[in-house]
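Okay, here's what each chain looks like letter by letter:
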Amino acid sequence: MNRSHAKIRALAEKAVATLKSWRLLRKLRCSTTRITSLVQAVLTLHLTSSR
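Throughout what follows, the structure given in this document is the object of discussion. Source: prediction; values computed, not measured. (Residues numbered from 1 in each chain as written. Predicted model: local features only at pLDDT ≥ 70, side-chain atom pairs only at ≥ 80, totals over all residues. Heavy atoms only, no water.)

### Thoughts on the overall build of the protein chain
Test applied: Numbering of helices and strands starts at the N terminus; helices are DSSP runs of H or I of at least 4 residues and strands are runs of E of at least 2. Throughout, exposure labels follow a simple rule: accessible area from a 1.4 Å probe, protein chains only, divided by the maximum for the residue type, with under 20% read as buried, over 50% as exposed, and the rest as partly exposed. Accessibility throughout is a Shrake-Rupley quantity obtained with a 1.4 Å probe, and a residue counts as covered only by protein chains that appear here.
Within the protein chain, the regular secondary structure consists of 3 helices and 0 strands. Starting at the N terminus, the α and β elements of the protein chain follow one another as α-α-α. With respect to the principal axes defined by its C-alpha atoms, the protein chain has extents near 40 × 20 × 15 Å. The buried share of the protein chain, reckoned over its 51 residues, is 10%. Total accessible area computed for the protein chain in this model is approximately 4,700 Å², and 60% of it derives from carbon and sulfur atoms.

### Looking at the pattern of salt bridges
Here the idea is simple: oppositely charged side chains can pair when their charged atoms come close. Which entries qualify depends on this criterion: Whenever Lys or Arg places a side-chain nitrogen within 4 Å of a carboxyl oxygen from Asp or Glu, that contact is recorded as a salt bridge.
The final tally for this structure, using the stated rule, is 1 salt bridge. With a closest N to O distance of 2.9 Å, Glu13 and Arg9 form a salt bridge. Placement of both Glu13 and Arg9 in helix H1 (residues 2-21) is noted, with a separation of 4 residues, approximately one turn of the helix. Residue Glu13 is classed as partly exposed on the basis of its relative accessible area, which comes to 45%.

### Topic: helix H3 (residues 32-49)
For clarity, the threshold we go by: Here a helix's expected span is defined as the number of its residues, less one, multiplied by 1.5 Å. Within this analysis, the arc is defined by the directions that extend from the helix axis to the C-beta atoms.
Relative to the 26 Å expected for 18 residues at 1.5 Å per residue, H3 spans 25 Å between its end C-alpha atoms, a close match to the ideal helical length. What H3 keeps buried is the set Val39, Leu43 and Leu47. Projected down its long axis, H3 carries its buried residues within an arc of 55°, all on one side. Facing away from the buried side of H3 by more than 90 degrees, the exposed set consists of Thr33, Arg34, Leu45, Thr48 and Ser49.

Structure representation (structure tokens):
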């Protein structure tokens, strides 16, 4: 259980670090729902491409 938890946590920490490096997100001016969907899609693509 600890190993699977650690893997999930590592992915989440990597995702947060990636989001913090994206300057584009600081300039977005649209609804939070749209931003959430956009971020989820981009992170999914980013994490699957880095495997």
